[in-house]
Amino acid sequence: MSDVTALTAKQAADAVATGDLDATELFEAYRAKAAADALNAYTWVAETAPDGLSDNKGLPLGGVPLAVKDLFCTEGVPSQSGSKILEGYLPPYTATVVERLAAAGAPLLAKTNQDEFAMGSSNENSAYGPALNPWDTTRIPGGSSGGSAAAVAAGSAPWALGTDTGGSIRQPAAMTGIVGLKPTYGSVSRYGMIAFASSLDQAGPLTRDVTDAALLYSKMTGRDPRDSTSLEHPEQIALPTAQRLDGLTFGVPSDLQTEGVDPGVVARFEETQRLIEELGGRIATVELPHAKYGVSAYYVLAPAEASSNLARFDGVRYGLRAEAETLLEMYTKTRHDGFGPEVKRRIMLGTYALSSGYYDAYYGKAQRVRTMIAQDYNNAFAGVDFVITPTAPNVAWKLGEKSDDPLAMYLEDLFTIPISLAGLPAISIPNGLSDNLPTGFQIAGPAFSENKVLDAAFALEQAIGFDASNGRTA
Ligand code: GLN
């Protein structure tokens, strides 16, 4: 076979199953590409293919190798969550989801670059330098799963795992012209994921197409006794087949913000709505009166949880330990030296919001807003099958362009955060270009409606016919 890395993961898995492709040869082809990566997409690449990879032809994921965001613990393999404080940390165990995928036939190819502790929208907060966007290497690939997105878009990995707390799978997928699925909260075990905000963090696939997203996700789900918030998905995840959207209603939020949104993004969003109608679907308006408070609530809740989760990094148990005279000084210096500026900002925001005098005013109120947002979606889904928006207000921006303006960066998650707060599944698919850079289309559905979301995304994907080749040139 000529260039085996040109195949989608599903095509490669099928070729392995029929004996037309050897899984070790496939692994080696990707290994060589990942090792030669010039986008800083990887923090670690496997040195050899796993033993016996070629002998296991019957596995559902076909031996197709997987790139994994740095924050998933992988036994004996650096797992640093993009942070200097975890430099050189080699976990003694592997995250449940990585283990499940390896058992289903997706062995670990590489670890990918990310924003430090998944805090960011551009991958510029990584202690290991930014990953670059293969469509234009002077631009960010989105974040925080920027390395995973860059790797899949460039074709140096067939598929990848990311995590999404407020948009970190969907937004980088949109920025790099690939597919990203943020599953229903709880449907994938978080055990072994280095935590950012535990009530929001969720693992999901970044893939070249919707079929690959469905295939990978189908082996990720399930209850894990080691994550008390995980549960069995009520449905078996199927590969999508829909060609039409007859009988389905797609809701556009009535107060969808278009001010400050790239005109190309708005134009592509409107074109995709027309395609929905051509495929037999209906466009309706939905009211999500509290969604506009999502970003504000998120930037209280996520930092609050982060400040608690990150308290464990004190120089005693993991990674970096600063030299000091006293224990307290050692804690302080380790955290001072080990955390980057965005992480420190979030810890300060979070501890402030949780402090006794302010708990009710900030944390308590943000929790109430979160509940109201979840109720908004419940009400909306009584009348529509999906809620649609652009994935992100802008296309990939230039490196450094927003670095001095954290608030501008936070607003990039305007369309993704409310869905995260409600715990719902949502997919981003590429729906065109603006200034030669990819735009993303987001489809959200009720909890555990992944099969329906994937099917609708698949029908649209065929109709859009997005050309990803410009991302494959880097
Ligand atoms: N960009 C958002 C943040 O910085 C979301 C990150 C994420 O989903 N991990 O918090």
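All values derive from a computational prediction rather than experimental measurement.

Rules and cut-offs
- Residues numbered from 1 in each chain as written.
- Predicted model: local features only at pLDDT ≥ 70, side-chain atom pairs only at ≥ 80, totals over all residues.
- Heavy atoms only, no water.
- Helix = DSSP H or I, 4+ residues; strand = E, 2+ residues; numbered from the N terminus.
- Rg over C-alpha atoms; globule rule 2.2 N^0.38 Å.
- Contact = heavy atoms within 4.5 Å.
- Areas by Shrake-Rupley, 256 points an atom, 1.4 Å probe, with all protein chains shown as cover.
- Lys, Arg positive; Asp, Glu negative; His and termini not counted.
- Charge placed at Lys NZ, Arg CZ, Asp CG, Glu CD.
- Salt bridge = Lys/Arg side-chain N within 4 Å of Asp/Glu carboxyl O.
- Buried < 20%, exposed > 50% of the residue type's maximum accessible area, 1.4 Å probe, protein only.
- Pairing = 2+ DSSP bridges.
- Near = heavy atom within 4 Å.
- Polar contact = N/O pair within 3.5 Å; in protein donor to acceptor, adjacent residues only side chain to side chain.
- Nonpolar A, V, L, I, M, F, W, Y, C, P; charged D, E, K, R; others polar.
- Core = buried A, V, L, I, M, F, W, Y, C linked by side-chain atoms within 4.5 Å.
- Phe/Tyr/Trp six-rings, centres within 6.5 Å; stacked < 30°, edge-to-face > 60°.
- Axes fitted to C-alpha atoms, helices over the stretch in contact; angles between N-to-C directions.
- 1 Å grid on protein atoms, 1.4 Å probe; cavity = no way out; pocket = protein on both sides within 12 Å on 5 of 7 lines; lining within 4 Å.
- Points joined across faces, edges and corners; volume = space filled by probe spheres on them.

Chemist: What exactly am I supposed to notice about the overall build of the protein here?
Modeler: What the protein contains, in helices and strands, is 14 helices and 11 strands. In terms of overall size, the protein behaves like a compact globule, its C-alpha atoms giving a radius of gyration of 21 Å where 474 residues would be expected to give roughly 23 Å. Along the first, second and third principal axes, the C-alpha atoms of the protein reach 65 × 55 × 45 Å. A separation of at least 24 residues holds for 75% of the contacts in the protein among residues at least 6 apart in sequence. Accessible surface for the protein amounts to roughly 17500 Å². Of this, 51% is attributable to carbon and sulfur atoms. Between the mean site of the 36 positive side-chain charges and the mean site of the 55 negative ones, the protein shows a separation of 4 Å.

Chemist: Would you mind going over the pattern of salt bridges with me for this structure?
Modeler: Any two side chains of opposite charge can pair, on the condition that their charged atoms come close. Following the criterion strictly, the structure yields 15 salt bridges and no others. Salt-bridge contacts for R31 lead to E28; the nearest nitrogen and oxygen are separated by 3.4 Å. Within this pair, R31 and its partner E28 are both found in helix 2 (residues 23-35), separated by 3 residues, close to a single helical turn. Put simply, K292 and D255 hold a salt bridge, and the shortest N to O gap is 4.0 Å. With K292 in the loop between strand 8 (282-286) and helix 8 (294-309) and D255 in the loop between strand 7 (249-253) and helix 7 (263-278), this residue pair connects regions lying 37 residues apart in the sequence. Residue classification places D255 among the partly exposed residues on the basis of a relative accessible area of 39%. Connected through shared salt-bridge partners, E99, D224 and R226 make up one network.

Chemist: Explain the pairing of strand 4 (residues 159-164) here, please?
Modeler: Each regular strand shows side chains that alternate between the opposite faces of the sheet. Counting buried positions along strand 4 gives 6 out of 6 residues, so the element sits mostly inside the fold. Side chains of strand 4 alternate between two faces, with W159, L161 and T163 and A160, G162 and D164 buried alike. Bridge count for strand 2 (residues 66-69) against strand 4 is 2 bridges, and the pairing is parallel. Each residue of the ladder has a partner; that of V68, found in strand 4, is L161. Bridging between strand 4 and strand 6 (residues 202-207) involves 6 bridges; their strand directions are antiparallel. Directly across from G162, in strand 6, lies its bridge partner G204.

Chemist: Help me understand the site of the ligand in this model?
Modeler: Around the ligand, a shell composed of 15 residues is seen, among which G166, S168, Y298, R346 and D413 lie nearest. One of the backbone nitrogen or oxygen atoms of G120 is found 2.8 Å away from an oxygen atom of the ligand. Here a nitrogen atom of the ligand and a side-chain polar atom of S144 are 3.4 Å apart. Out of a free accessible area of 300 Å², the ligand has 100% covered by protein chains. Considering only residue class, the shell around the ligand consists of 5 nonpolar, 7 polar and 3 charged.

Chemist: Even after reading the chapter, I still don't get the nonpolar core, so can you show me in this structure?
Modeler: In summary, soluble globular proteins display a tendency toward joint burial of nonpolar side chains. Judged by nonpolar contacts, the single largest core of 140 residues is most densely connected at F72, F117, L161 and I427. Among the elements that make up this core, the one with the highest residue count is helix 8 (9 residues). In this structure, F72 is in contact with S79, A95, V97, V98, K111, L161, G162, T163, G192, M193 and A203, ignoring residues within four places of it in sequence. Of all hydrophobic cores here, the second largest spans 6 residues; its members include M175, A392, W397 and M409.

Chemist: Help me understand the packing of aromatic side chains, please; the structure alone is not making it clear to me.
Modeler: To describe a pair of aromatic rings, one takes the distance between the centres and the angle between the planes. Following the criterion strictly, the structure yields 15 aromatic pairs and no others. Ring centres 5.9 Å apart and planes at 40° place the aromatic pair Y358 and Y362 in the tilted group. By relative accessible area, Y358 is classed as partly exposed at 36%. Residue classification places Y362 among the partly exposed residues on the basis of a relative accessible area of 37%.

Chemist: Could you clarify how one ought to interpret the sheet that holds strand 8 in this entry?
Modeler: In a beta sheet, neighbouring strands are held together by backbone hydrogen bonds and run either parallel or antiparallel to one another. Taken in spatial order, the 11 strands of this open sheet run 1-3-2-4-6-5-10-11-9-7-8, and their pairing is mixed. The outermost strands of the open sheet, each flanked by one partner alone, are strand 1 (42-45) and strand 8. Taken over all neighbouring pairs, the strand axes of this sheet differ in orientation by 30° on average, direction set aside. One ladder, built from 3 bridges, connects strand 5 (residues 179-182) with strand 10 (residues 426-434); its direction is antiparallel. Its bridge partner lying in strand 10, L181 is registered against I427. Of the strands in this sheet, strand 5, strand 7, strand 9 (386-390), strand 10 and strand 11 (437-444) touch helix 14 (residues 450-464), which is tilted by about 15° from strand 10.

Chemist: It is not clear to me how empty space enclosed by the protein should be interpreted in this structure. Could you clarify?
Modeler: Any space left empty among the atoms is revealed by the rolling of a water-sized probe across them. Scanning the model with the defined rule gives 2 cavities of 30 Å³ or more in all. Of the volumes computed, that of the largest cavity is approximately 80 Å³. Considering the residues around the largest cavity, the lining is formed by 13 residues, among which A118, G120, S168, Y298 and D413 are closest to the centre. In the lining of the largest cavity, the residues fall into 4 nonpolar, 7 polar and 2 charged. Empty space within the second largest cavity amounts to approximately 40 Å³. In terms of lining residues, the second largest cavity is bounded by A174, M175, V265, A392, N394, V395, P438, T439 and G440. Mapped by element, the contributors of at least two residues to the lining of the second largest cavity are helix 5 (170-176) and strand 11. In terms of residue count, strand 11 provides more of the lining of the second largest cavity than any other element does, 3 residues in total. Across the lining of the second largest cavity, the residue classes break down as 6 nonpolar, 3 polar and no charged.

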